[in-house]
Amino acid sequence: MHNANPLPLTARAGRPLTGTAQVPGDKSISQRALILGALAVGETRISGLLESGDVHSTAQALRGFGADLVQEGPGRWRVRGTGVGRWRAPAAELDFGNSGTGSRLVMGAMATTPITAVFTGDASLRSRPMARVVAPLEAFGVTYEGQGPQARMPLTLHGAGNAKAIETTITVASAQVKSALLLAALNASGVTRLTQTTLTRDHSEKMLAAFGAQITVTPLAGGGETIAVQGPASLTGCAVEVPRDPSSAAFPLVAALIVPGSVLELPAILLNPRRAGLIETLLEMGADITITNRRTSGGEEIGDLMARHSALKGVEVPPERAPAMIDEYPILAVAAAFASGTTAMRGLEELRVKESDRLDAVAQGLKANGVDYAIAGDDLIVRGGAGEVAGGGTVATHMDHRIAMSFLTMGLAARKPVTVDDVTMIATSFPDYQDLMRGLGADFA
């Protein structure tokens, strides 16, 4: 999959990276703040919202359901919702651009309102499987028509009327699937109970509680948890401060670790334990990362990071850590390429259904730049070069922003420049990426 008008970019080694990396607001929390605001009664005021293509696509789609969303300044939005179950049928197709999170969560949010909507997106989003979300929603009475057995977009979703609560075990370790079911439960009568054996991102649970939903989370003796939601729910608008995105912070963070002489500050980063898998892994690899000024905002832990160039070593990354860092494996693979010894990343099946088949895309990027690697089932094994990576390759991004930024990071420390074939899609999550990295000393051309 390729963009018809690609914009390639080359990164090369240069001076150390120094300064303060003011990365954008967290995308997952930004998306959920808009969606819950659109479902709530009253006014929701959001600060620190990520101003990106993905988030703007979700905002426009929510307007189609009758919610009032107004941008009042950079990162500052006001949302007036309709109330749970009061969305209207959109008059036109809902174009979510590249936003898998926005589209899948909105499917859940409308699933128990008896309206019909057509979901579509760009070429990348249209290639991604939606059955993994809409099929579980059938338990609430939803019906749908998608493209092929994976229900790809364009997809027509028919919401259920008089939906009843369900009890189910979620079989895939996906926060998107879980969140879609939680949002559907808001307009289903009774208590919906969702059990997950593998813990996934809990932003939806935290934010639902902040908006007034009756939600409880009960840990299970053998691991996992059961989440219970009372419906029909009444949500009330509230203030949401969006912390800075750890998935975006991952790129300057790893760049600081692999570019000799670098020292970077990264303030106000989200440190939710279910999102901190990359930091945990990098510390195990010997990364010089310090965390100060830990604090809590809106139920989420935040802290300031300081990262310095480090001699990294290979580690074993267990499969149970995957949900806490699923978006960070491409950049971890880059860090592993510069480490001494072998890094084994286990249980990466979820990578195959992201913006691209990320596991294959990472492997091909490593191969193009002379990195020794192997794929065994859903495991990625990288044999590091102890601070040396040949580089010199051109990487096919497959319209995936995280592949693009990961291999640009590699180019900042490799012996030869690294080129990615397209950077236009980076705006979906990190619109100011190039300017920010250049300001820290990155050599892009």
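Residues numbered from 1 in each chain as written. Predicted model: local features only at pLDDT ≥ 70, side-chain atom pairs only at ≥ 80, totals over all residues. Heavy atoms only, no water.

Caption draft 1: Spotlight on the packing of aromatic side chains. Taken as a whole, this structure holds four aromatic pairs when the rule is applied. On the basis of an interplanar angle of 70 degrees and a centroid distance of 5.5 Å, the ring pair of F430 and Y433 is categorised as edge-to-face. This pair shows no difference in class: F430 is buried, exactly as Y433 is. The rings of F430, Y433 and F444 are connected pair by pair, giving a single aromatic cluster. (Phe/Tyr/Trp six-rings, centres within 6.5 Å; stacked < 30°, edge-to-face > 60°. Buried < 20%, exposed > 50% of the residue type's maximum accessible area, 1.4 Å probe, protein only.)

Caption draft 2: Structural detail: the pattern of salt bridges. Taken as a whole, this structure holds 27 salt bridges when the rule is applied. Ionic pairing is found between R193 and E167, a salt bridge with its closest N-O pair at 3.3 Å. With a gap of 26 residues between them, R193 in strand 11 (residues 190-196) and E167 in strand 10 (residues 167-170) connect regions that are remote in the sequence. One salt bridge connects R308 with D288, and the closest N-O pair in it is separated by 4.0 Å. Linking R308 in strand 17 (residues 300-308) with D288 in strand 16 (residues 288-297), this pair joins segments that are 20 residues apart in sequence. Accessibility expressed as a relative area gives 31% for D288, which makes it partly exposed. Taken together, the salt bridges that share partners define one network made up of E43, R45, D68, E72, R78 and R80. (Salt bridge = Lys/Arg side-chain N within 4 Å of Asp/Glu carboxyl O. Helix = DSSP H or I, 4+ residues; strand = E, 2+ residues; numbered from the N terminus.)

Caption draft 3: Examining the side chain of T120 more closely. Its location among the elements puts T120 in strand 7 (residues 116-120). In this structure T120 touches E93, L94, D95, F96, G97, L125, R126, M153 and P154, once residues within four positions along its chain are discounted. (Contact = heavy atoms within 4.5 Å.)

Caption draft 4: Focus on the sheet that holds strand 16. The four strands are arranged 2-15-17-16 in an open sheet whose pairing can be described as mixed. One side of each edge strand has no neighbouring strand; the edge strands of this open sheet are strand 2 (18-20) and strand 16. If you compare each strand with its neighbour and ignore which way they point, the axes differ by 15 degrees on average. Summarising the sheet, strand 15 (residues 263-270) and strand 17 pair through six bridges and their orientation is antiparallel. (Pairing = 2+ DSSP bridges. Axes fitted to C-alpha atoms, helices over the stretch in contact; angles between N-to-C directions.)

Caption draft 5: Spotlight on the sheet that holds strand 13 (residues 225-231). One open sheet accounts for four strands, arranged 10-11-13-12; its pairing is mixed. In this open sheet, the two strands that pair with only one neighbour each are strand 10 and strand 12 (215-219). If you compare each strand with its neighbour and ignore which way they point, the axes differ by 20 degrees on average. Two strands pair when backbone bridges link them, and strand 11 and strand 13 are joined in this way by seven bridges, in the antiparallel orientation. The partner of T192 across the bridge, within strand 13, is V229.

Caption draft 6: Highlighting the nonpolar core. The biggest cluster of nonpolar side chains holds 76 residues, and the ones touching the most others in it are L282, Y329, M345, M410 and M437. With residues near it in sequence (within four places) discarded, M345 still touches V317, Y329, L332, A333, A336, D378, D379, L380 and V382. Of all hydrophobic cores here, the second largest spans 72 residues; its members include L62, L157, V177 and A185. (Core = buried A, V, L, I, M, F, W, Y, C linked by side-chain atoms within 4.5 Å.)

Caption draft 7: Helix 10 (residues 329-338), seen in detail. By the criterion of burial, helix 10 is predominantly enclosed, with 10 of the 10 residues buried. Those residues of helix 10 that fall on the buried side of the exposure criterion are Y329, P330, I331, L332, A333, V334, A335, A336, A337 and F338.

Caption draft 8: Main features of the side chain of H401. Position of H401 among the secondary structure elements: in helix 12 (residues 401-411). Within the structure, H401 has its side chain in polar contact with the side chain of S429 (distance 2.7 Å). (Polar contact = N/O pair within 3.5 Å; in protein donor to acceptor, adjacent residues only side chain to side chain.)

Caption draft 9: Spatial organisation of the environment of V55. If you trace the backbone, V55 turns up in helix 2 (residues 53-64). Apart from the residues within four sequence positions on either side, V55 is in contact with K27, S30, Q31, L34, L49 and L50.

Caption draft 10: Quick look at unusual backbone geometry. The peptide bond linking M153 to P154 adopts the cis configuration, its omega dihedral lying at 0 degrees. Along the polypeptide, P154 turns up in strand 9 (residues 152-158). In the Ramachandran plot, A151 falls in the positive-phi region, its phi being about 55 degrees despite a non-glycine side chain. Structurally, A151 is set in the loop between strand 8 (143-147) and strand 9. With a relative accessible area of 3%, A151 lands in the buried category. Phi is positive for A268, which is not a glycine, with a value near 55 degrees. By the secondary structure assignment, A268 is in strand 15. Under the relative-accessibility criterion, A268 is labelled buried at 19%.

These figures come from the coordinates and say nothing about function on their own.
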